[in-house]
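Working through the structure, step by step
Each chain, letter by letter, is given below.
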Amino acid sequence: MSNTKGEPIESESIGRGCGKLYLTGEYAVMDVEGLAVIAGVDRYVTVRCRDAEPSQSVSRVYSSYYGLQGRVIDVDAPDDIATHTISLVYRIAAATPESPINIVIESDLDDSASGAKYGLGSSGAVAVAVTRALGAHLGLELDSLRVYKIAMVATLLAGAAGSGGDIACSAHGGAVLYRRPNPTALAELVAADPVAAVAAPWPNLRIDARADLGGLQLLVGWTGSPVKTDSQLKKAGGADRDFVRGVSSISEKLWQALADGDRTAAFACLRENRALLQAYERERAVCIETEKLKALADIADAAGAAGKSSGSGGGDCGIALVGASNGADAESSTRETATDITARWRSAGIQPLPLKLAAQL
């Protein structure tokens, strides 16, 4: 679907959805009062969509999941997130797939050598990227909010459960402050009419987006142990009101600290959230901060930065925010601190990932 230089060929539509990492708000974000700050990272699911050759009689979607032959697209019988997204976009465009198309889904969210998952999200990014690519192919003008809503509805139609924070971040890029829509109200809207649901207001939804981290640098370390978020959430059970409100307050404060460029306040927010997660895992007897995640955060804290687990914990990635006080040597000081932290992570068996904040999409 591209020429020898990797550039899109004529008539090809391309959509992307970025990976994500939670800075604050894990577990609490599942509650209707929960707020989370989520950072998009510059690893992407990329989807390419174009008309098929005249000799091809049916539309197909290709990805590593579907195998070399891909699978035939039947918009009347979708059965997973990608095909539900395709079907919904066609319905929103009031179009029918009269001319066969090919949709190719490619991901660099996982480890390229082993295929191991980093925990950057995948299904949400697929839904976002498919929405963008096919929407462009069908002539839809979609802003980031509408991309999020289409991908979210398609995910619900596919039977997947979650807060949607990964989808919001993947659709917007940069960093987002997120509160989920009321799940009961949204389920009723989708059950009545999925297309109308996309256009309707969603009770309780909040998405604020920004393009930077207020001058702070994001560091990411991978523990080498993939974990399934759904199983972690099931083990932990629902969060209690005090935890949700405490974490949500921290997320609000972090969002303000990023706007103010206040590194001290931002670091304090990560440390407070880490402490609440530690108490939460003790109460629920679920492993969130593994030995490697503990080492990751402790190393960052000892270097004058702030670190914590990211997402459901139990493995996957941890994050650190690094930044120096304003001054002539602030940039070099930040760079030195980051180099020191990543070197110490390697010594502790933690793999630093060369990730940066994703551009806004």
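Treat the numbers as computed from the prediction; the structure is a model and nothing was measured. (Residues numbered from 1 in each chain as written. Predicted model: local features only at pLDDT ≥ 70, side-chain atom pairs only at ≥ 80, totals over all residues. Heavy atoms only, no water.)

1. Structural notes on the environment of leucine 361
Which entries qualify depends on this criterion: In DSSP terms, a helix is any run of H or I states spanning at least four residues, a strand is any run of E spanning at least two, and both are numbered starting from the N terminus. Think of it in three bands: with a 1.4 Å probe and only protein chains considered, a residue is buried below 20% of the maximum accessible area for its type, exposed above 50%, and partly exposed in between. Any two residues having at least one pair of non-hydrogen atoms within 4.5 Å are treated as being in contact.
If you trace the backbone, leucine 361 turns up in the segment after strand E11 (351–353). A residue is classified by how much of its surface remains accessible, and leucine 361, at 32% relative accessible area, is partly exposed. Distance from leucine 361 to alanine 211, taken between C-alpha atoms, is 9.6 Å for residues 150 residues apart in sequence. Beyond its immediate sequence surroundings of up to four residues, leucine 361 is in contact with Arg16, Gly17, Cys18, Tyr44, Arg132, Ser144, Ser170, Ala171, His172 and Gly173.

2. Description of the packing of helix H2 (residues 123–137) against helix H4 (residues 165–172)
Note the cut-off: Axis definition: a line fit to C-alpha positions, over the contact stretch in the case of helices; interaxial angles, taken between N-to-C directions, run 0 to 180 degrees. Comment on the angle field: the value is read as roughly parallel under 35 degrees, roughly antiparallel over 145, roughly perpendicular from 65 to 115, and oblique elsewhere. Left-handed describes a crossing whose near helix is turned anticlockwise from the far helix through less than a right angle; right-handed describes the clockwise counterpart. Charged means Asp, Glu, Lys or Arg here, nonpolar means Ala, Val, Leu, Ile, Met, Phe, Trp, Tyr, Cys or Pro, and polar covers whatever is left, Gly included.
At a closest axis distance of 8 Å, the pairing of H2 and H4 adopts a crossing angle of 40°. As the angle between them shows, H2 and H4 are arranged oblique. Relative to H4, H2 is oriented so that their crossing is right-handed. On H4, the residues touching Gly124, Ala125, Val128 and Arg132 of H2 are Asp166, Ile167, Ser170 and Ala171. Here the residues of the contact of H2 with H4 sort into four nonpolar, two polar and two charged.

3. Some remarks on the confidence of the model for the protein chain
Condition: Looking at any residue, its pLDDT shows the predictor's confidence there, from 0 to 100.
Across the protein chain, the average pLDDT comes to 93, with 96% of residues at or above 70. Note that residues 1–9 has pLDDT below 50 and, in this model, 15 contacts with residues that lie over four places away or in other chains.

4. Structural notes on empty space enclosed by the protein
Definition in use: The distinction between a cavity and a pocket rests on a 1 Å grid over the protein atoms alone: a 1.4 Å probe fits inside a cavity but cannot get out, while a pocket stays open yet meets protein on both sides within 12 Å along at least five of seven lines, and a residue with an atom within 4 Å of a point counts as lining. Grid points are joined across faces, edges and corners, and a volume is the space filled by probe spheres set on the points.
In the structure shown here, the tally under the stated rule is one cavity of 30 Å³ or more. Looking at the largest cavity, its volume works out to about 30 Å³. Surrounding the largest cavity, Cys18, Lys20, Leu120, Gly121, Ser122, Gly124, Ala125, Asp166, Ile167 and Ser170 form its lining. Those elements that provide at least two residues to the lining of the largest cavity are strand E1 (13–24), H2 and H4.

5. A closer look at the side chain of threonine 155
Note the following rule: Any N or O atom pair separated by 3.5 Å or less is treated as a polar contact, with the protein-specific requirement of one donor-capable and one acceptor-capable atom, and with residues adjacent in sequence counted only for side-chain atom pairs.
Locating threonine 155 in the fold gives a position in helix H3 (residues 144–157). Take threonine 155: its relative accessible area is 11%, and that puts it in the buried class. Within the local environment of threonine 155, its side chain forms a polar contact with the backbone oxygen of alanine 151, the two atoms lying 2.7 Å apart. Those residues in contact with threonine 155 that lie beyond four places of it in its chain are Ile81, Ala127, Ala160 and Ile167.

6. A short note on the pattern of salt bridges
What counts is decided by this rule: Criterion for a salt bridge: a side-chain nitrogen of Lys or Arg within 4 Å of a carboxyl oxygen of Asp or Glu.
Counted under the stated rule, the structure contains 20 salt bridges. Where aspartate 110 meets lysine 117, a salt bridge forms, and the shortest distance between an N and an O atom there is 3.6 Å. Of the residues examined, aspartate 110 reaches a relative accessible area of 24% and is grouped as partly exposed. For lysine 117, a relative accessible area of 46% translates into the label partly exposed. One salt bridge connects lysine 253 with glutamate 272, and the closest N-O pair in it is separated by 3.2 Å. Of the two residues, lysine 253 sits in helix H8 (residues 241–260) while glutamate 272 sits in helix H9 (residues 263–284), which places them 19 residues apart along the sequence. Look at lysine 253 and you get partly exposed, because its relative accessible area is 40%. Within this structure, Arg271, Arg274, Glu289, Lys294, Asp298 and Asp301 form a network of salt bridges that share partners.

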